[in-house]
Amino acid sequence: MEEPRPPLERDDVLRLAHELMAGTVSGQFRLPDDLAVVAASGSGAHLYDLDGRRYIDYMLGSGPVLLGHAHPEVVAAIVEQAARGSTFYVLNSPTIELAQRIVEVMPCAQQVKFASSGLEATLYALRMARVFTGKPKILKFAGGFHGSHDVGMINAFTEPVQYPCGTFDSGGVPSGVADDVIVSRWNDFSMTEDLIRRNAGELAAVICEPMQRCLVAAPGFLRMLRAVTASAGVLLIFDEMVTGFRFALGGAQERYGVVPDLATFGKALTNGMPMTGIAGAAEIIEVAQPQSSLPASGAYYGNTLNGNPLCAAAGLATLGVLSRPGTYDRLEATTGELRRGIERAAADQGVVVQLLGDGPVVQVAFAEHPIGDVAGLKRADSARAGRFLLECARRGVLSSGKFYVSVAHSNDDVDETVEVVAEAIAASAV
Ligand SMILES: Cc1ncc(COP(=O)(O)O)c(C=O)c1O
């Protein structure tokens, strides 16, 4: 029998990550080696590394862990379902119950399809929109991130050289993909309305994050999108991967009172299990019905793990906790404390910061000008923001850019965070 391997030390993990995994587990976020965190476990708002060091975690797994790590009710639901089987590929009760629950809470949801990542969910939503409308093009916003599929890689983080022609934020994307994508500027009413109306005959959908990264929509912007798309025969898709179940049980559509035709969601739904989805009007979702003959005219949809009961059980438990009275008030109160603490810490040092974001999501930008779009973000001091996050990590507070606040963050966590933030603001000055 093979000898059990000795547990890996932190340095082994770092070396092997470079050798075997091109550096990171999940994506683009990487701390320098001296600060890199190798997670051993998480509990509530805290993450522990291999050496037992405790961090106050505002990454929350890049957003999903809204209830805090290893929430006992979610753990129990997963364990219970795992003992009955982890995937079936056919209809099962937890998945249907979760769809029922989503239809109850999400304003746009008449029907739901599940997927496993945000990338898949937005890819399918765009495909359904093209099939439903019979039109080829998509309008997205510069700086709007919708996952790393080909359309998603058009101006996900940057502005195009010339609006509305998209440019790529990744190599390896076939150049023709840009022919069917129109790029507009976030919060630019006249450019966006004009592009939608001029391209209505070819435009299947407008997709946006209802809060683009941490850039809140200007007053009336989402309502304008709703009205103009509706009158132009174009679908409106809210990518609620970040805002879904976090801004309210019904997501940003509930918080802002604007209901899209389709919404994609994930992250906070399961407190960290790989399940996302697409919800919307029944007549649109139905274009993803199984195809009875090929070549297909409907929207092909299907992945091995869609509708996975293990994830669905976690989702039901998560929504159960989120549905309790007072949950969102507590989240807002904790986030308010954090915002006020950061503002005070900066003001005490005479440093101008702007706190972007809404709901339980905060981003610290070092800028005096109001930031409403990618160009505004670009003019902020991003080098200082980068140094600030490293200084936070050095002192045991983790954020990869956004500070995601969880239900588990306590007042003590916030107080400790504000002390660290004050030191990190000072240490990040050059
Ligand atoms: C708004 C939005 N859409 C889509 C995605 C992609 O999700 P995933 O990383 O699960 O593919 C993300 C991920 O951060 C996101 O924030």
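Keep in mind that what you see is a predicted model, and the values were worked out from it rather than measured. (Residues numbered from 1 in each chain as written. Predicted model: local features only at pLDDT ≥ 70, side-chain atom pairs only at ≥ 80, totals over all residues. Heavy atoms only, no water.)

**Observations regarding the environment of Pro72**
Then step 1. Note that Pro72 resides in helix H2 (residues 72-82).
Then step 2. The exposure class of Pro72 is exposed, given its relative accessible area of 60%. (Helix = DSSP H or I, 4+ residues; strand = E, 2+ residues; numbered from the N terminus. Buried < 20%, exposed > 50% of the residue type's maximum accessible area, 1.4 Å probe, protein only.)

**Things to note about the side chain of Gln253**
Then step 1. Tracing the chain through its elements places Gln253 in helix H7 (residues 251-256).
Then step 2. Here Gln253 falls in the buried class, since its relative accessible area comes to 1%.

**Observations regarding helix H1 (residues 10-20)**
Since there are 3.6 residues in each turn of an α-helix, residues three or four apart along the chain are aligned in direction.
Then step 1. Of all the residues in H1, the buried ones are Arg10, Leu14 and Ala17. For H1, the angular spread of buried residues about the axis comes to 60 degrees, placing them on one side. In H1, those exposed residues whose orientation departs by more than 90 degrees from the buried face are Asp11, Glu19 and Leu20.
Then step 2. Ala22 sits one or two positions beyond H1 and adopts a positive phi of about 50 degrees. (Arc of directions from axis to C-beta.)

**Topic: the sheet that holds strand E16 (residues 402-404)**
Then step 1. Strand order in the open sheet formed by 3 strands is E13-E14-E16, and the pairing between neighbours is antiparallel. Every other strand in the sheet has two partners, leaving strand E13 (354-356) and E16 as the edge strands with one partner each. Strand-to-strand, the axes of this sheet are offset by a mean angle of 30 degrees, without reference to chain direction.
Then step 2. As paired elements, strand E14 (residues 361-365) and E16 share 3 bridges and run antiparallel to each other. Directly across from Val361, in E16, lies its bridge partner Tyr404.
Then step 3. Packed onto the sheet, helix H10 (residues 327-348) meets E13, E14 and E16 and runs at close to 10 degrees relative to E14. (Pairing = 2+ DSSP bridges. Axes fitted to C-alpha atoms, helices over the stretch in contact; angles between N-to-C directions. Contact = heavy atoms within 4.5 Å.)

Interpretation in functional terms is not warranted from these geometric data alone.
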